[in-house]
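Here is what each chain is made of, one letter per residue.
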Amino acid sequence: MTTPDTSTRSVIVEKEFPHPPEKVWRALTESSLIEQWLLKNDFQPVAGHSFRLSRDPMPNWNGVIDCQVITVEPCRALSYTWGALGMESVVTFTLTPTDAGTHVRMEQSGFRPDQGANYKGAQYGWQRFMGNLERVVAGLE
Amino acid sequence: MPSVANSLFRALADPTRRAIFERLTRDGEQTVHALTERAGVSQPMVSKHLSALKRARLVRNRRHGRETHYRARPEALAPLVDWIGDYGVFWQSRFDRLGELLERMDK
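Residue positions are counted from 1 within each chain, in the order its sequence is given. Throughout, the order in which chains and ligands are written sets their labels, letters from A for the former and numbers from 1 for the latter. In view of the model being predicted, local features appear only for residues whose pLDDT reaches at least 70, and side-chain atom pairs are presented and counted only at 80 or more, with totals across whole chains, interfaces and linings using the full set of residues. Only hydrogens and water are set aside; all other atoms, that is, all heavy atoms of the structure, feed into the side-chain values.

### Section: the sheet that holds strand β2 (residues 59–64) of chain B
Sheet strands associate in pairs through backbone hydrogen bonding, adopting either a parallel or an antiparallel arrangement. All names here are of chain B. Between any two strands, pairing holds if DSSP finds at least two bridges. Only DSSP runs of H or I reaching four residues or more are called helices, and only runs of E reaching two or more are called strands; each is numbered from the N terminus. If you trace the 3 strands from one edge of the open sheet to the other, you get β1-β3-β2, paired in antiparallel fashion. A single partner strand is all that each edge strand has here, and the edge strands are β1 (30–31) and β2. Alignment of β2 against strand β3 (residues 67–72), held across 6 bridges, turns out to be antiparallel. Looking across to β3, one finds that Asn 61 is bridged to Tyr 70. By definition in these notes, contact holds between two residues if any of their heavy atoms fall within 4.5 Å. To get an axis, a line is fitted to the C-alpha atoms, and for a helix only the part in contact is used. The angle between two axes follows their N-to-C directions and goes from 0 to 180 degrees. Contacting β1, β2 and β3, helix α2 (residues 15–27) runs over the sheet at an angle of about 85° to β3.

Here it is, written out as structure tokens:
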């Protein structure tokens with residue numbers, strides 16, 4: 001079964017850092033460095049590697065984000081799945097060298113239920129629901 | 001991520017509930033009977049799903065004679081959209097921290 005990515009929701013954050021791509025890459029892929037800017041983790045820069053990011057627990061949520069590495073292109077691109085609260089999305093970092101340093105683009109997209117929930121929801125697609133949701137909320141104003 | 005969004009996810013996690021909610025959004029107010037005819041499940045199940053949607057404030061009901069009429073409250077979905085928007089705020093602040101870390105790595 002194919003699931004066309006019709007979700008229009010995505011989060012994009014871009015910033016240029018006055019540091020070379022090699023250094024930014026280390027911050028994105030070394031576990032102890034990731035913890036210093038993102039979250040506690042057991043990340044390894046290996047495609048297929050499953051890892052967890054953890055934030056402080058909050059009401060109704062233990063704070064654990066289940067992830068799996070998809071792409072590792074040293075100093076260029078890194079992507080992993082991001083599963084929390086029954087919703088899965090994909091986080092992709094893209095590094096581009098600039099005269100002053102490195103342009104970093106983070107896109108989080110494809111929000112949909114994780115595999116278990118998706119299986120249950122197969123008879124009524126969540127993607128379609130999210131698309132409709134957009135229209136409904138857009139019509140609220 | 002707020003627990004309001006979490007309760008919405010739970011309410012909408014069930015495909016039958018999503019279908020009922022969407023039908024109310026699309027077709028306007030309907031009776032439990034009318035919803036049952038098209039839901040493909042028994043009336044007690046439809047009522048159970050409607051209760052769950054009502055707890056999440058996604059629908060409201062009114063009694064008219066023997067029938068209970070339900071209508072959608074699409075505005076209750078707003079926290080769900082906000083929840084995704086919250087990620088924008090989250091990543092923005094993490095990028096600030098990434099910048100600080102890169103400065104520290106110099107030393």
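### Details of the side chain of Asn 41 of chain A
Residues and elements named next belong to chain A. Its location among the elements puts Asn 41 in strand β2 (residues 40–41). Partly exposed describes any residue whose relative accessible area lies between the buried limit of under 20% and the exposed limit of over 50%, with all areas from a 1.4 Å probe on protein chains only and scaled to the type maximum. Asn 41 sits in the buried class, given a relative accessible area of 14%. From its side chain, Asn 41 meets the backbone nitrogen of Phe 43 in a polar contact 3.0 Å long. Excluding residues that lie within four positions of it along the chain, Asn 41 makes contacts with Ser 31, Ile 34, Glu 35, Arg 52 and Leu 53. Two N or O atoms count as a polar contact when they lie within 3.5 Å, although within protein this holds only if one can serve as hydrogen donor and the other as acceptor, and sequence-adjacent residues are included solely when both atoms are side-chain atoms.

### Brief notes about the nonpolar core
Counting 38 residues, the largest nonpolar core has Trp 37, Leu 38, Leu 53, Tyr 80, Trp 82 and Phe 93 of chain A together with Trp 91 of chain B as the members making the most contacts within it. With 8 residues, helix α5 (residues 78–106) of chain B is the largest single contributor of residues to this core. Each residue touching Phe 93 of chain A, except ones within four places of it in the same chain, is listed here: Leu 28, Trp 37, Arg 76, Ala 77, Leu 78, Tyr 80, Val 104, Arg 105 and Met 106 of chain A together with Trp 91 and Phe 95 of chain B. Think of a nonpolar core as a cluster: buried Ala, Val, Leu, Ile, Met, Phe, Trp, Tyr and Cys residues, connected wherever their side-chain atoms sit within 4.5 Å. Core analysis: the second largest hydrophobic core is formed by 18 residues, Leu 12, Leu 35, Val 59 and Tyr 70 of chain B among them.

### So, the packing of α2 of chain B against helix α3 (residues 32–39) of chain B
Residues and elements named next belong to chain B. Contact geometry for α2 and α3: axes closest at 11 Å, N-to-C directions at 120°. When the axes of α2 and α3 are compared, the pair comes out oblique. Both α2 and α3 take part in a crossing whose hand is right-handed. For the pair formed by α2 and α3, the contact residues are Ile 20, Arg 23, Leu 24, Arg 26 and Asp 27 on the first element and Leu 35, Arg 38 and Ala 39 on the second. Note that the term roughly parallel is reserved for angles under 35 degrees, roughly antiparallel for angles over 145, roughly perpendicular for angles of 65 to 115, and oblique for everything else. With the far helix as reference, a near helix turned anticlockwise by less than a right angle produces a left-handed crossing, and one turned clockwise produces a right-handed crossing.

Function cannot be inferred from these measures alone, as they are strictly geometric.
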